[in-house]
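# Chains, contacts and geometry: an overview
Residue-level listing of the chains:
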Amino acid sequence: MRKSSEIASIPAPAAMLLVRDFVNTVEWQEDADSWSSPQDLERWYSERADIAVRTQTEDDLAQARRLREGLRNVLLQHAGHEPVKGAATELNVALAQISLRFRVGDGGELTIGGDDDLVDPLGYVLSAVDSCRVGGTWERLKVCARDSCRWAYWDESRNGSGRWCSMAWCGNYAKMRTRSGKPLAADELSPERGEYRPARLLDVAAKAGVSMKTVSNVINATGNVAQATRLKVEDAIRELNYSPNPAARALRKGVRQGA
């Protein structure tokens, strides 16, 4: 999995970097999630956010993933694109379940946390979001215009018009495709503002909290998928009104047959 530090080349606010790294704990282009268990989530909070949290559960992991993908959809809008239909409503439901508690120390200092010194980690992430908002830098946190990427990045351009996570990554890929006479297809680019994003397999995986491979296994009735997981995927497919791309499926099938 690529590191966020490889993307940013100029200093960005610390709160911005925390939110960026929170969103980038999954790299959809490689179908690689850093949070495969509640223990992974605890480790990330400790090592990246430097906060002490209570023992995390599967429910906590699911909630963290919901917030992560909800924020990603907001960052799509920062880049001038639209999320899947209903994304804002789903994020608002998740936000309503997150608490943010403060306490005052003997010296009058204000810190995040309860009486047990444990922090609601998602509240901590949201406090970083609000810090960016108050500081006027929130809109510069975006996700890549290449739809299969959606990697969060700090837009360092002077006029805030950056489109790609990095010119060394998706920017160069798009440029090379254009030079070869094969520019990015419509389904490789984020739809412009005003158009709801048609749900992709990636969106189903994000909503269900599973890998894209798992979604593919459910759709194609292959692999060994637990019944509870299968039901989550089927619910996500139904709610997002997802329809597999026939051309892409035919291409994959042809590749397998020709291998």
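This text gives an overview of the structure that appears in the document. Along every chain, residues carry numbers that run from 1 in the direction the sequence is written. In keeping with the model being predicted, local features are shown solely for residues with a pLDDT of at least 70 and side-chain atom pairs are shown and tallied solely at 80 or more, while totals for entire chains, interfaces and linings include all residues. The side-chain values count all of the structure's non-hydrogen atoms but skip hydrogen atoms and water molecules.

## A few points about the packing of aromatic side chains
This is how it is decided: Each pair of aromatic rings taken from Phe, Tyr and Trp, with Trp reduced to its six-membered ring, is defined by centres within 6.5 Å and is described as stacked if the planes are under 30 degrees apart, edge-to-face if over 60, and tilted in the remaining cases. Under the scheme used here, helices are H or I runs from DSSP no shorter than 4 residues and strands are E runs no shorter than 2 residues, and both carry numbers assigned from the N terminus. Each residue is placed in one exposure class: buried if its accessible area under a 1.4 Å probe, protein chains only, is under 20% of its type's maximum, exposed if it is over 50%, and partly exposed if it falls in between.
A full pass over the atoms with the stated rule returns four aromatic pairs. On the numbers, 5.8 Å between centres and 65° between planes, the contact of F22 with W44 is edge-to-face. Of this pair, F22 sits in helix α1 (residues 14-23) while W44 sits in helix α2 (residues 38-49), and the two are 22 residues apart along the sequence. By relative accessible area, W44 is classed as buried at 13%. A connected cluster of aromatic rings, assembled from ring pairs, spans F22, W35, W44 and Y45.

## Overview of the pattern of salt bridges
Using the following cut-off: Counted as salt bridges are all cases of a side-chain nitrogen of Lys or Arg within 4 Å of a carboxyl oxygen of Asp or Glu.
Tallied over the full model, the rule gives 14 salt bridges. In this structure, R20 and D21 form a salt bridge, with 3.0 Å as the shortest nitrogen-oxygen distance. The same class applies to R20 as to D21, namely buried. The partner of R150 in a salt bridge is D203, with the nearest N and O atoms 2.7 Å apart. Separated by 53 residues along the polypeptide, R150 in the loop between β5 (141-143) and β6 (152-154) and D203 in helix α7 (residues 201-208) bring together distant segments of the chain. Residues R150 and D203 agree in their burial class; the two are buried. Linked through salt bridges whose partners overlap, the residues forming this network are D33, R65, R68, E69 and R72.

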